[in-house]
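Topology and contacts: notes
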Amino acid sequence: MEYRSLGRTGVQLSPLCLGAMMFGPWGNNDVADSIRIIHRALDSGINFVDTADVYSGGASEEIVGQALEGRRDDVFLATKFFMPMNEDDPNQRGGSRRWIIREVENSLRRLNTDYIDLYQVHRPSPDTDVEETLGALTDLVRQGKVRYIGSSSYSGSQIVEAQWASRERNLERFVTEQPPYSILTRGIEEDVLPTVQRHGMGTLTYSPLAGGWLSGRWRKDSASTPTSSARPSARFDMTKPANQRKLDVVEELAQLAGQSGLTLIELAIAFVINHPGVTAAIVGPRTMEQLESYLSAADTKLTTDVLDRIDQLVAPGVTVNPDDNSYGAHELTPKARRR
């Protein structure tokens, strides 16, 4: 497996990152099986694992911590904070210094480690100064509890604002951005990817299979349902014209993959990691079979003809169903738009 530079950090990572969202009650609640999947990924050459405190209420981090016992220093370990960890307490969430300083200790305990390689803000906060978040994260880096910091689902302007704040206030800067990216969700190509590249950051994309749409689970002749309750239902509502359009595209992509001697999964993941601005694609298997189907994509190269055909099906910069985006959640609400 060829390794890639993580922005300008000097760190070398595999083009596939093992996402741990499906380990625990949200997906695979068999701890021993989840650990076997993690070990298989590491043995295949993957040296990068990404999780989050909120995944299965912390169970994912605990499983990852168990799996990495004796192998911790060989793995670049990333986790995230921000999402609610207690629905009844408004302070057990967000990007405040108070919560970050508290929650990093919880993640360190669950992960059974004394340092986190990459600590990421899971979402931007509309009501928290970015300097507040960066200041707390800077302290964690200087304390040795965190090596690098990153963002997730930030818009291009939010990425620039954070980079400016870091330079202006002499704070640690985000060295990575984690956006959604797939053949069906190409919105980041217009602004986010170029912005990340200009600032020398690494890009760790999630949902290369568009939540299962590009795995073959959703086809015109076979109904399916999400494998995890964590996935928003709007992305799978077949009464929506945008999702019907996705079904049409998937049929065309399946044909293209077959003509190219690839599986649909290989085509989808290779498309993501073939972009020069992408460092790694996060793949989140629930089963060993799913992991095995992903691994070959790491070495798959797509020809210009194949990429041109994909562009005909879904134009660059276009997201077929806006519900698949992670942007504009606050800005487009009626309260934000109306006087």
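Let me begin by describing the structure that accompanies this report. In this text, all values refer to a predicted model and were calculated from it rather than measured experimentally. (Residues numbered from 1 in each chain as written. Predicted model: local features only at pLDDT ≥ 70, side-chain atom pairs only at ≥ 80, totals over all residues. Heavy atoms only, no water.)

Here we come to the pairing of strand β6 (residues 116-121). Of all six residues that make up β6, six are buried, and the element is covered over most of its length. Note that the unit made of strand β5 (residues 76-81), helix α3 (residues 97-111) and β6 has a crossover that is right-handed. Two elements, β6 and strand β7 (residues 146-152), share five bridges in a ladder whose sense is parallel. Bridge pairing links Q120 to G150 in β7. Taking the sense of rotation as the criterion, the β-α-β connection linking β6, helix α4 (residues 130-142) and β7 turns out right-handed. (Buried < 20%, exposed > 50% of the residue type's maximum accessible area, 1.4 Å probe, protein only. Helix = DSSP H or I, 4+ residues; strand = E, 2+ residues; numbered from the N terminus. Right-handed = clockwise from strand over helix to strand, strands pointing away. Pairing = 2+ DSSP bridges.)

Let us now look at the packing of helix α2 (residues 59-67) against α3. Between α2 and α3, the least distance of the axes is 7 Å, while the angle of their chain directions is 45°. When the axis of α2 is compared with that of α3, the two are oblique. Facing α2, whose interface residues are E61, E62, V64 and G65, α3 presents S107, R110 and L111. Its residues placed into classes, the contact of α2 with α3 shows two nonpolar, two polar and three charged. (Axes fitted to C-alpha atoms, helices over the stretch in contact; angles between N-to-C directions. Parallel < 35°, antiparallel > 145°, perpendicular 65-115°, else oblique. Contact = heavy atoms within 4.5 Å. Nonpolar A, V, L, I, M, F, W, Y, C, P; charged D, E, K, R; others polar.)

Time to look at the side chain of N47. Looking at the secondary structure, you find N47 in the loop between α1 (31-43) and β4 (48-50). What makes N47 buried here is its relative accessible area of 16%. With residues up to four places along the chain from it excluded, the contact list for N47 reads Y3, Q12, L13, S14, D74, V75 and F76.

This brings us to the sheet that holds strand β9 (residues 202-205). The strands that make up a sheet are held in pairs by hydrogen bonds between backbone atoms, and each pair lies either parallel or antiparallel. The strand order around the closed barrel built from eight strands is β3-β4-β5-β6-β7-β8-β9-β10, with neighbouring strands paired in parallel fashion. Put simply, the sheet's adjacent strands are angled 30° from each other on average, direction ignored. Taken together, the two bridges between strand β3 (residues 16-19) and β4 define a ladder with parallel strand orientation. When the sheet's bridge partners are listed, L18 is paired in β4 with V49. Along the sheet, α3 contacts β5, β6 and β7; its crossing angle with β6, the most-contacted strand, is approximately 135°.

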